[in-house]
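Structural overview
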Protein chains: 2
Amino acid sequence: MKAELIAVGTELLMGQISNTNAQYLSQRLPALGIGVYYHSVVGDNPLRLEESLRTAMERCEIIILTGGLGPTQDDLTKETVAKVLGLNMVYDEISAECIRKYFSCLGKTMVESNLKQAYFPEGSKILYNDEGTAPGCIIETENNTVIMLPGPPREMKPMFEKSVEPYFSDKIGEKLSSAFVKITGMGESSVEDALMPLIDHQTNPTFATYAKTGDVTLRVTASGENREEADSLLNAALEKVKNILGENVYSVSGEELEEVVVKRFIKEGKTLALAESCTGGMLAERLTNVSGASEVLKYGLVTYSNEAKEKLLGVERETLENFGAVSRETALSMCRGLKKLSGASVCVSITGIAGPTGGTPEKPVGLVYIGIASDDSEECIECRFNGNRERIRTLTVINVLGNLLKM
Amino acid sequence: MKAELIAVGTELLMGQISNTNAQYLSQRLPALGIGVYYHSVVGDNPLRLEESLRTAMERCEIIILTGGLGPTQDDLTKETVAKVLGLNMVYDEISAECIRKYFSCLGKTMVESNLKQAYFPEGSKILYNDEGTAPGCIIETENNTVIMLPGPPREMKPMFEKSVEPYFSDKIGEKLSSAFVKITGMGESSVEDALMPLIDHQTNPTFATYAKTGDVTLRVTASGENREEADSLLNAALEKVKNILGENVYSVSGEELEEVVVKRFIKEGKTLALAESCTGGMLAERLTNVSGASEVLKYGLVTYSNEAKEKLLGVERETLENFGAVSRETALSMCRGLKKLSGASVCVSITGIAGPTGGTPEKPVGLVYIGIASDDSEECIECRFNGNRERIRTLTVINVLGNLLKM
């Protein structure tokens, strides 16, 4: 089946936001047997949206629209779809109730315009929104399936996973089985090179890699006459992938690295303490984004200043003066101080130069020292990362998480 | 002038990369008096590209294609444009020389297929590529200007800035002026309601709002016979907006909230210390993402556990037991302890329930206490947020930043 993704929003055409919804949906849809053939972006303009929708309906069976479902005058996606399909807009009391509840939970007064979100093209299957006020909907016509989802990714993604994926898997029959293999410590092309003998000339399962900073995801999709056959093909392929990539594979179910780390620590009854300098709390933030992290993370310190390194961690002034704040010696001293302070099973210290300023020829931007101390070992890893401030901070955090798993 | 951006590449339709080129070009083109009306993405398929190009040429004067200029068989952008425009492909010796030089500088042998990149539709203005092998080009027809740029952003951006911007600014006078007004403490629909008398039936300046969690951006764009007239219309509108929205406006130049906070603290010579529980380092991470934050942030503590609250901040066990970790009393006690420890001018403590677990009827998920202590005042703010863990954490962080600005 062919799909076109239409993102609606002038903010996309002004470059205020990037169309990350298209990337996300393009990654997920192939696992449902749906090929994405076009992405389109139009502004909050009903005539241009109408024209784009008509074009899309001629060339693809499935149209997924994101955005334009909100309460403002600009939000015209549902109205435009209704017009193109010749449908009336009808009021849904359940949606209205959900929207009212959303505001009352917040202790806020609902502006009346919000009830615009409770109207849908006649005959819609309504997709309720647990994360915001704008519900989505699905309409089936003779030749097309038109799906409308909210624009904000934190509303769109849960709605897609909760409502749209099951909708399609019911339709298609469960003959497809997918896994998202998560890999760290290898670049995308290294992963592809390593898997080449497996991937090359392969049509079932299919493989596709996606990279983001420091992290590679491999999608494996198998199809079979029935679900069992698909699963069995998939599992055989996953075994081969794990054999080839070894401990670089940290999940085959799409979990994020920090989730796997927190679960491992909980399982082993271990605790963790952090002292972050250049990452400024990014590692703590990422770990505590996992529900349950409170069992694991005893202390997180952002010791950006030398004063904080001395006062909280007991790093000696001589160490800082003789070797510098960014040095193996300081990293290890931070780590030892943290161990004493926290008593956590594993202590991590980070000190480095994230840039853009602060680099020297001997200690360039991207130099990072990571100290890791457990009950019976202590090590310091020297890393040299490339890129801007955000990339250096992100690569540092991923490197620490990867190392915590390999311990 | 109206523009359409067409990105060519199957990797975009597979979700392997995001179309960041469209965002970048959409941000730059309005400053040249060019409005972006559509983004499209098609795969490496000449028939579908041809069809998309014909549609674009009918609805927009300017077409910018990115991608598909490389040496492989899949790269068919120039050939397809030539076909649609009825032009021959001609060889450019200078480009061929540049490509040869590029390889010899890298110490590599050039594969002959690379010379495919030295062919252009007849009559092209060629844009040489300093960062890679694929040159771009511009073709003017009676009704359209078709611009072809390489796909990799690190090649596309310099080519755009070096060649395409000067090409257009020669053609067009500067008659547009824009500002990005940043607003916190109000939702998107409240902002629109408040500005309705100003926005409604307004055609110059134009207004558009963009929301992300806890933060609203209002774009105001004025046009005039010349730049001065545009600027003066814009400034008059900005004054009105500021009068209506008051201290909720924190920037009219598109700066992020954390940047404004860090700058304000630097300007006033103040320092900051943080004790974060439920936000787990997110506030520290956000502040330290601003270069220069080291002057401001003395300490950041992630005191997720009661032990950390007692040991680092001196919160008494009775306070934790009698009122709970998530309480006004604990927030204030954390704040006082932090003031004693850090001596920072402003101390912030955060304790709350970010969910999804841990809520009770009396203390539901989303309940957050924020303590703020300065040299001469102390307060505790009770917040009740809605949404998932990430949203609650983000809203908390934005609320703190907004309150730091209002102090």
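Everything in this summary refers to the structure shown in the same document. (Residues numbered from 1 in each chain as written. Chains lettered and ligands numbered in written order. Predicted model: local features only at pLDDT ≥ 70, side-chain atom pairs only at ≥ 80, totals over all residues. Heavy atoms only, no water.)

1. Considerations on the overall build of chain A
When you go through chain A residue by residue, the secondary structure sums to 14 helices and 17 strands. Projecting the C-alpha coordinates of chain A onto the three principal axes gives extents of approximately 80 × 55 × 40 Å. In chain A, of all internal contacts separated by at least 6 residues, the share reaching a separation of at least 24 is 66%. As presented, chain A carries roughly 16,700 Å² of accessible surface, and 48% of it is formed by carbon and sulfur atoms. Of note, chain A has its 42 positive side-chain charges centred 3 Å away from the centre of its 56 negative side-chain charges. (Helix = DSSP H or I, 4+ residues; strand = E, 2+ residues; numbered from the N terminus. Contact = heavy atoms within 4.5 Å. Areas by Shrake-Rupley, 256 points an atom, 1.4 Å probe, with all protein chains shown as cover. Lys, Arg positive; Asp, Glu negative; His and termini not counted. Charge placed at Lys NZ, Arg CZ, Asp CG, Glu CD.)

2. Digging into the interface of chain B and chain A
In this assembly, 71 residues from chain B lie in contact with 70 residues from chain A. The interface formed by chain B and chain A holds 6 salt bridges in total. We note a salt bridge from B:E285 to A:R393, for which the minimum N-O separation is 3.2 Å. Counting every contact that joins chain B to chain A gives 37 residue pairs in polar contact (both at pLDDT 80 or more). Considering every element that reaches the side of chain B that touches chain A, the biggest residue donor is strand β2 (residues 35–42) of chain B, with 7 residues. Within the side of chain B that touches chain A, the residues separate by chemical class into 26 nonpolar, 29 polar and 16 charged. The pairing of strand β2 (residues 35–42) of chain A with β2(B) spans 5 bridges and is classified as antiparallel. Note that in β2(B) the partner of A:S40 across the bridge is B:S40. (Salt bridge = Lys/Arg side-chain N within 4 Å of Asp/Glu carboxyl O. Polar contact = N/O pair within 3.5 Å; in protein donor to acceptor, adjacent residues only side chain to side chain. Nonpolar A, V, L, I, M, F, W, Y, C, P; charged D, E, K, R; others polar. Pairing = 2+ DSSP bridges.)

3. Focus on the pairing of strand β3 (residues 62–66) of chain B
All names here are of chain B. Among the 5 residues of β3, 5 are classified as buried, and the element is accordingly described as predominantly covered. Of the two faces of β3, both are covered, the one formed by I62, I64 and T66 as well as the one formed by I63 and L65. Direction of pairing for strand β1 (residues 2–8) relative to β3: parallel, over a ladder of 5 bridges. Paired with A7 across the strands is T66, a residue of β3. Where β3 and strand β8 (residues 145–149) come together, 5 bridges link them in parallel fashion. Across the sheet, the residue bridging to I63 is V146, located in β8. (Buried < 20%, exposed > 50% of the residue type's maximum accessible area, 1.4 Å probe, protein only.)

4. Some remarks on the packing of helix α3 (residues 46–59) of chain A against helix α4 (residues 77–85) of chain A
Residue and element names in this part refer to chain A. α4 packs onto α3 with a crossing angle of 55° between their chain directions and a minimal axis gap of 10 Å. The angle between α3 and α4 places the two elements in the oblique class. Crossing angle aside, the handedness with which α3 passes α4 is right-handed. Residue-level inspection shows P46, L49, E50, L53, R54 and M57 of α3 in contact with α4, the latter providing T77, T80, V81, K83, V84 and L85. Here the contact of α3 with α4 is built from residues that sort into 7 nonpolar, 2 polar and 3 charged. (Axes fitted to C-alpha atoms, helices over the stretch in contact; angles between N-to-C directions. Parallel < 35°, antiparallel > 145°, perpendicular 65-115°, else oblique. Left-handed = near helix turned anticlockwise from the far one by under 90°.)

5. Points about the sheet that holds strand β10 (residues 206–212) of chain B
All names here are of chain B. The strand order β10-β11-β9-β12 describes an open sheet built from 4 strands, whose pairing is antiparallel. Strands at the two margins of the open sheet, each flanked by one partner only, are β10 and β12 (249–251). The mean inter-strand angle of the sheet, taken between neighbouring strand axes irrespective of direction, is 30°. Looking at chain direction, β10 and strand β11 (residues 215–223) are connected through 7 bridges and run antiparallel. Within β11, the position partnered with T209 by the bridge is L218. Packed on one face of the sheet, helix α7 (residues 188–199) meets β9 (176–184), β10 and β11 and runs near 175° to β10.

6. Remarks on helix α4 (residues 77–85) of chain B
All names here are of chain B. Most of α4 sits out of view: 7 of its 9 residues are buried. Among the residues of α4, those classed as buried are T77, K78, T80, V81, A82, V84 and L85. At the C-terminal side of α4, G86 shows a positive phi close to 70°.

7. Some remarks on the pattern of salt bridges
Considering all chains together, one arrives at 51 salt bridges over all chains under this definition. Across the salt bridge formed by B:R336 and B:E378, the nearest N and O atoms sit 2.8 Å from each other. Residue B:R336 is located in helix α13 (residues 328–342), and its partner B:E378 is located in strand β17 (residues 378–384); the two are separated by 42 residues in the primary sequence. Salt bridges sharing common partners tie together A:E4, A:R59 and B:E51.

8. Topic: the pairing of strand β14 (residues 297–302) of chain B
Burial within β14(B) is extensive, with 6 of its 6 residues counted as buried. Where strand β14 (residues 297–302) of chain A lies against β14(B), 3 bridges are found, and the strand directions are antiparallel. The residue bridging A:V302 from the neighbouring strand is B:G300, located in β14(B). Relative to β14(B), strand β13 (residues 272–276) of chain B runs parallel, the two sharing 5 bridges. Of the residues in β14(B), the one forming a bridge with B:A273 is B:Y299. This β-α-β element, β13(B) to helix α10 (residues 282–288) of chain B to β14(B), shows right-handed connectivity. (Right-handed = clockwise from strand over helix to strand, strands pointing away.)

9. Some details on the packing of aromatic side chains
Taken as a whole and judged by the stated rule, the model has 8 aromatic pairs over all chains. Arranged with centres 5.2 Å apart and planes meeting at 55°, the rings of A:Y91 and A:Y119 form a pair that is tilted. On the criterion of sequence distance, the pair formed by A:Y91 in strand β4 (residues 89–91) and A:Y119 in strand β5 (residues 119–121) is long-range, its members being 28 residues apart. On the accessibility criterion, A:Y91 (36% relative accessible area) is partly exposed. Between the aromatic rings of B:Y167 and B:F168, the centroid separation amounts to 5.1 Å while the plane-to-plane angle is 75°, which identifies the pairing as edge-to-face. Of the two residues examined, B:Y167 and B:F168, each falls in the buried class. Taking the ring centre of A:F120 as reference, the NZ or CZ of A:K78 above it sits at 4.6 Å. B:K2 extends its terminal NZ or CZ atom over the ring of B:Y37, reaching a point 5.0 Å from the ring centre. (Phe/Tyr/Trp six-rings, centres within 6.5 Å; stacked < 30°, edge-to-face > 60°. Lys NZ or Arg CZ within 6 Å of the ring centre and 35° of its normal.)

10. Concerning the packing of helix α9 (residues 257–268) of chain A against helix α14 (residues 389–406) of chain A
Residues and elements named next belong to chain A. For the pair α9 and α14, interaxial distance at closest approach is 10 Å and the crossing angle is 35°. Classified by chirality, the crossing of α14 by α9 is left-handed. Of the residues in α14, those in contact with L257, E258, V260, V261, R264 and F265 of α9 are I398, L401, G402, L404 and L405.

11. A few points about helix α11 (residues 306–313) of chain A
Note on helix geometry: an α-helix contains 3.6 residues per turn, so any two residues three or four positions apart are oriented the same way. Residue and element names in this part refer to chain A. Buried within α11 are the following residues: A308, K309, L312 and L313. Down the axis of α11, the smallest arc covering the buried residues is 100°, so these residues share one side. Downstream of α11 by one or two residues, G314 has phi in the positive range, about 70°. (Arc of directions from axis to C-beta.)

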